[in-house]
Amino acid sequence: MQGILLAANKIHSGNNSRKVFMNKKRILIVNCFSNEWRIPFFQSGSFSPAMAPTFLAGLFSPDLCDIRLYNEQSSGPLRDEELLAWPDMLVLTGLNTAFDRMLHLTAYARTQNSKVIVVAGGSAIRALFHYAQAYFDYCCDGDIEQMQYVIEDAFGKQYVSEQFLRDGWAIPRYDLLSGNWTKNFGYVESSRNCYHRCSFCTTTAEKTRYRSYDLEYLKQQILALGKKKALIFIDNNFSSFDKQFISDRFALLKELRQHGYFTRWAASVSADFFLNDENISQARETGCMALFTGLETFDRQSLINFNKHQNTIQSQVEMIRKCLTAGIMFYYGIVFDIANRAVANLHDEIDYIVDTPAITLPCYMTLAIPILGTPFFQECLEKHLILPNVKIRDLDAFTITLKPQDPHSEVAAFAKNLSRLGGYRGRVINHARYFFAEYRKEIPPRTMMMALYNSWQLCAPWPAAIRLSEAGSLANKNLRPGKRTFIGPTEAPDYLYTPTMPIDPRYRHYFNPTMLTDSEGNLSEALRQDLSPTNRRLYT
Ligand code: B12
Ligand code: SF4
């Protein structure tokens, strides 16, 4: 777990924050999000939703707090003035790219209610901890349990959940989730962080330690969900080096499944999970329907560059086949490193993928991004590979932020087509036909359906779960994306950077994009304390 560090510069909460009021506190917890399409979409019932708000809510006393959750990923940008004026405490979480959204919501909320206490945490705050101090009342660089100290400091210990104080873990508040957020799935966590050290991964940057949970905690989460058809494990890595833990967890899953708590489950695992056939058979026997693996690329050299050696031990194609023939859908993502590979070489890889019927197609293909603080980020900084005038918001995996090997226009065209696989649709359809022929006798109909649906959604004109968040929003000139360039330095800030309600002039600058690099391509002055190799606090 992270060291507990509280930045208690309570410029806005004043002295009142220390007084104990027994009236109910109003808590709004928001997952901030800015999507890569740069238009007001929401992703209803995503397979992979943010869950930190649900866990954070479990830290507050249910008797003494009214808690509301909002997820910008599943409900679109938060623009409800009444809701933003409502809380005594606004708790914000989000990915790196959500940092500016955290600022926007802070400006909205403080304009509505100057006394609101704003708490921010998650990967963006961990990476920009010093910089963030100027904007939020509490900056949290720890895990969700750190919230207890914030609650205690701001309101008093009685506002911390008694269950948490007794057991030491927070039972997620699933009851507060809207239908859009999770649809029919139940989300649980059995471990934290990861024991691999891939060079581009946040868990590597944060130097977090892999930790398997007490299985009683997992059981309590599943019981709290009630009976669900399918469970999704949100662990960074459901695999583990602890064989005893793996087998005890399978035993628990078996027992709870027999009691009807779920029928199927899915999880993310690293490639080493497939080295042990026993893992695959146990997964199948306990109802595993799908596994996601960060396959990243079929290019061996790139895997080595990414320090992803666990993916080089066995043939990736064989790994996929093994999983599918066990009756488990195999999902994976592909990451293209435009700084170290030519576009022609990347097209060769796509050709290989769509021409190999033995594998499922990836569920997404994106650009490699220098996630803040990772070894890959450091390497890009040192080699001066990050483009000038790149904004934190540009790190969304579809915008070019690194100096490519090819002309910008060529790489921009590649990036533009990437999210919907433009130019490959006919070949994707052929892949589906050959895949069907290859596996029709070997895999169950459910696995086949999932694989074919996955192929369809990879190149469908519009992602299946995406909805316009506001009726007619594209008819509104202010919300329409300007002409996209897909190149960080020339991408104009999108509609989110124009306030939709009056803003106190003191907070107007919260709508300026946070710059990662300056016009020379050096780390921007403001972020040096957090991100330059010599000054960094958490990372080396
Ligand atoms: C759900 C998810 C998504 C969702 C939504 C994410 C969101 N927050 O809006 C979607 C599908 C949109 C998504 C997209 C992407 N994701 Co994602 N995603 C996840 C996933 C699977 C689960 C996150 C989660 O809910 N975890 C459970 C909660 C409880 O933990 P947590 O959020 O990690 O928070 C921990 C701490 O940060 C802290 N914390 C968080 N908030 C707060 C707040 C307070 C107050 C406190 C005290 C503590 C605290 O507490 C938690 C630990 O106890 C993680 C992997 C994982 N298993 O964690 C990857 C992960 C977050 N994603 C990752 C990546 C790389 C991406 C993509 C770039 C992938 C890609 N190539 O396209 C895109 C980015 C798109 C964009 N526009 O920016 C990285 C990190 C990215 C980053 N730091 O910015 C992760 C960690 C996966 C990995 N190992 O590489 N993702
Ligand atoms: S296996 Fe996945 S979670 Fe673990 S370090 Fe690598 S990318 Fe991160």
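Here the structure is shown first, and the text comes after it.
Given the structure is predicted, the values throughout are model-derived calculations rather than measurements.

Draft legend 1. The arrangement of the overall build of the protein chain in detail. Helix and strand counts for the protein chain come out as 21 helices and 16 strands. For the protein chain, whose C-alpha radius of gyration is 23 Å, the value lies close to the compact-globule estimate of 24 Å for 540 residues. Dimensions of the protein chain, computed from C-alpha atoms along their principal axes, come out at roughly 70 × 60 × 50 Å. Within the protein chain, counting contacts between residues at least 6 apart in sequence, those at least 24 apart form 78% of the total. Side-chain charges of the protein chain comprise 59 positive and 54 negative groups, with the mean position of each set lying 4 Å from the other.

Draft legend 2. Seen up close, helix H19 (residues 425-439). Taking 1.5 Å of rise per residue, 15 residues should cover 21 Å, and H19 covers 21 Å from first to last C-alpha, within 8% of that figure. By the burial criterion, the buried members of H19 are Val428, His431, Ala432, Phe435 and Tyr439. All buried residues of H19 lie within an arc of 100° about the axis, which places them on one face of the element. Of the exposed residues in H19, those oriented more than 90 degrees away from the buried face are Ile429 and Arg433.

Draft legend 3. Spatial organisation of the site of ligand 1. If you check the shell around ligand 1, you find 37 residues, and the closest are Met51, Thr93, Thr97, Ser123 and Ile234. Here isoleucine 144 contributes a backbone N or O atom positioned 3.2 Å from an oxygen atom of ligand 1. For the shell around ligand 1, the secondary-structure elements that each account for two or more residues are helix H1 (52-57), strand E5 (89-93), strand E6 (117-121) and helix H5 (123-127). The residue makeup of the shell around ligand 1, split by class, is 17 nonpolar, 14 polar and six charged.

Draft legend 4. Examining unusual backbone geometry more closely. Of note in the backbone geometry, asparagine 307 takes a positive phi value of approximately 55° without being a glycine. For asparagine 307, the location among the structural elements is in the loop between helix H14 (300-305) and helix H15 (316-325). Here asparagine 389, not a glycine, exhibits a phi torsion of approximately 55°, which is positive. Along the chain, the position of asparagine 389 falls in the loop between helix H17 (375-382) and helix H18 (408-418). Classification of asparagine 389 by relative accessible area gives partly exposed; the value is 32%.

Draft legend 5. How the structure looks around the nonpolar core. One finds Met89, Phe136, Trp265 and Leu516 to be the most contacted residues of the largest nonpolar core, which totals 172 residues. Discounting chain neighbours no more than four positions away, the residues touching methionine 89 are Arg26, Ile27, Leu28, Phe60, Val116, Ile117, Val119, Met147, Val150, Ala154 and Phe155.

Draft legend 6. Layout of the site of ligand 2. Lining the immediate environment of ligand 2, one finds Cys194, His196, Cys198, Cys201, Thr203, Lys308 and Gln310. Class assignment for the residues of the shell around ligand 2 results in three nonpolar, three polar and one charged.

Draft legend 7. Quick peek at the pairing of E5. Of all five residues making up E5, five are buried, and the element is well covered by its neighbours. As judged from the five bridges shared by strand E2 (residues 25-31) and E5, these two strands associate in the parallel manner. Within E5, the position partnered with asparagine 31 by the bridge is threonine 93. Sheet topology note: the E5/E6 ladder contains four bridges and is parallel. Within the sheet, the bridge partner assigned to methionine 89 lies in E6 and is isoleucine 117. Crossover E5 to E6 through helix H4 (residues 99-112) is right-handed.

The rules behind each value
Residues numbered from 1 in each chain as written. Chains lettered and ligands numbered in written order. Predicted model: local features only at pLDDT ≥ 70, side-chain atom pairs only at ≥ 80, totals over all residues. Heavy atoms only, no water. Helix = DSSP H or I, 4+ residues; strand = E, 2+ residues; numbered from the N terminus. Rg over C-alpha atoms; globule rule 2.2 N^0.38 Å. Contact = heavy atoms within 4.5 Å. Lys, Arg positive; Asp, Glu negative; His and termini not counted. Charge placed at Lys NZ, Arg CZ, Asp CG, Glu CD. Expected span 1.5 Å × (residues − 1). Buried < 20%, exposed > 50% of the residue type's maximum accessible area, 1.4 Å probe, protein only. Arc of directions from axis to C-beta. Near = heavy atom within 4 Å. Polar contact = N/O pair within 3.5 Å; in protein donor to acceptor, adjacent residues only side chain to side chain. Nonpolar A, V, L, I, M, F, W, Y, C, P; charged D, E, K, R; others polar. Core = buried A, V, L, I, M, F, W, Y, C linked by side-chain atoms within 4.5 Å. Pairing = 2+ DSSP bridges. Right-handed = clockwise from strand over helix to strand, strands pointing away.

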